[in-house]
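# Structural overview
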Amino acid sequence: MKKFMFLTLLIPFFGFNQALIITEIADPNGGTSARFIEIFNNSNSSIDLTDYKIKKWIGKNGSTGTAQTTLQGTLEAYSFYIIAAEAATFKSTYGFAANQITSNVISGNGDDSYALVYASSGNVYDVYGTGDNTDGSGSSWEYEDGRAERASSSTTASNTWNSSNWNVYNDTGGGDSTNSPQTAPNDYDPGHWTGSSTHDTWHGRTDTSWSNNGNWSSGTAPVSGDKVHIRESTNSPIISDENSITDLTIYSSGTITIDKDGALTAIGEVTNNGTLTIESDSDESGSLIAKSASTPTITYNNYINSGEWKLIGLPVTGEVVN
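### Quick look at the packing of aromatic side chains
Using the criterion set out here, one finds 17 aromatic pairs in the structure. Seen from their ring centres, Trp-202 and Trp-216 are 5.2 Å apart, and the 80° between their planes marks the pair as edge-to-face. Here Trp-202 is found in the loop between β13 (199–201) and β14 (227–230), whereas its partner Trp-216 is found in the loop between β13 and β14, with 14 residues between them in sequence. For Trp-202, a relative accessible area of 0% translates into the label buried. A connected cluster of aromatic rings, assembled from ring pairs, spans Phe-36, Phe-90, Tyr-94, Phe-96 and Tyr-188. Across the ring face of Tyr-78, the terminal group of Lys-227 is positioned such that the distance to the ring centre comes to 5.5 Å. Cation over ring: Arg-231 sits above Tyr-251, and NZ or CZ is 4.9 Å from the ring centre.

What follows is the structure in structure tokens.
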């Protein structure tokens, strides 16, 4: 007679193991409608944002007021998510469009705590401030008329306040303030974080030139090794010279043009959910070289003399080219 042995495997449950972190909180001097919070996915995989809420505690003694809202969509690896107080003001101030608008939450006046919380349980995942209704005036996390930027050494979420994880600037010269109060847009850099310095976002506040340092959140035009993010912006980038980067991500409603004398080489991936156009004339054509596996949709404006015709096709194995 055969005997059977049944084994019960006890497998521990591990909660979320993701790297979504708050990287910047903005309360510009004289610009309440230009407030925003920047979130960064500091991991190599995409994150479902609907698992999280952004929550604000009103920083006033004796108060129990809070405001919160669920985040939207999916955030790709090493990408930024901007939650702003007012859409038109954010775009006109910083040059590009925010991801989400919620004026009742993004209304912190410098003494209010913020946190990413789990949507299902409400438990704090990552916090700025004490995470309660404590009045932050005069505290290590006061950011009135200023900003708080996560230190480059702080790369993982924390559900408790640690002042060493942040660089804080306010209107009284407290914290790390060297130029207070802080004024938008020049004292802020949405779409860039020193903890992941190779990621940069185009804002185009100066003009349309890709090579102009003043058009980038980092303050420096991209170089080889950088991963570039193109969002909907007031001035869209035009490439008119030779450039090399690692990855290019064009978001919905984002636009980029490679001019007839421009060239862009991406040693990594090119992801296009917006518009990517290559221009040409009678003797020149823009160039895009994507060295990694990429399948972006591209609009190529091919020059044709009046009365002539051209047949355009991709070379394939065995083809004879004259």
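What follows continues from the structure just given.
### Topic: the sheet that holds strand β9 (residues 113–118)
Judged by pairing direction, the sheet is antiparallel, and its four strands sit side by side in the order β5-β4-β9-β10 without closing on themselves. Looking along the sheet, the strands with just one partner apiece sit at the ends: β5 (66–70) and β10 (124–128). Each strand of the sheet is rotated relative to its neighbour by a mean of 20°, with strand direction disregarded.

### Looking at helix α1 (residues 87–94)
Inspection of α1 places Phe-90, Thr-93 and Tyr-94 among the buried residues, and these make up the whole buried set. Axial view of α1: buried residues confined to an arc of 75°, hence all on one face. The outward face of α1, more than 90 degrees from its buried face, is lined by the exposed residues Ala-88 and Ser-92. Elements in contact with the buried residues of α1: β2 (36–41) and β7 (80–84). With its phi angle positive at about 100°, Gly-95 sits one or two positions after the end of α1.

### Considering the sheet that holds strand β19 (residues 263–266)
Read from one edge to the other, the open sheet built from three strands follows the order β16-β19-β22, with strand pairing classed as parallel. On the outer flanks of this sheet lie β16 (242–245) and β22 (287–290), each paired with one strand and no other. Ignoring strand direction, the axes of neighbouring strands in this sheet form an average angle of 10°. The pairing of β19 with β22 spans four bridges and is classified as parallel. By the bridge assignment for β22, Ala-266 is matched with Ala-290.

### A look at the nonpolar core
Ranked by internal contacts, the top residues of the largest apolar core, which has 27 residues, are Leu-20, Ile-54 and Leu-71. Of all the secondary structure elements, the ones that give two or more residues to this core are β1 (20–26), β2, β4 (52–57), β7, β9, β10 and β12 (166–169). Counting 17 residues, the second largest nonpolar core, distinct from the first, contains Trp-210, Leu-248, Leu-264 and Val-270.

### Let's talk about the pairing of β14
As paired strands, β13 and β14 are joined by three bridges and run parallel to one another. Among the inter-strand pairings, Asp-200 is bridged to a residue of β14, identified as Val-228. By the bridge criterion, four bridges tie β14 to strand β17 (residues 247–250) in an arrangement that is parallel. Opposite Val-228, over in β17, you have Leu-248 as the bridge partner.

Rules of the game
Residues numbered from 1 in each chain as written. Predicted model: local features only at pLDDT ≥ 70, side-chain atom pairs only at ≥ 80, totals over all residues. Heavy atoms only, no water. Phe/Tyr/Trp six-rings, centres within 6.5 Å; stacked < 30°, edge-to-face > 60°. Helix = DSSP H or I, 4+ residues; strand = E, 2+ residues; numbered from the N terminus. Buried < 20%, exposed > 50% of the residue type's maximum accessible area, 1.4 Å probe, protein only. Lys NZ or Arg CZ within 6 Å of the ring centre and 35° of its normal. Pairing = 2+ DSSP bridges. Axes fitted to C-alpha atoms, helices over the stretch in contact; angles between N-to-C directions. Arc of directions from axis to C-beta. Contact = heavy atoms within 4.5 Å. Core = buried A, V, L, I, M, F, W, Y, C linked by side-chain atoms within 4.5 Å.

Function cannot be read off these values alone, since they describe shape.
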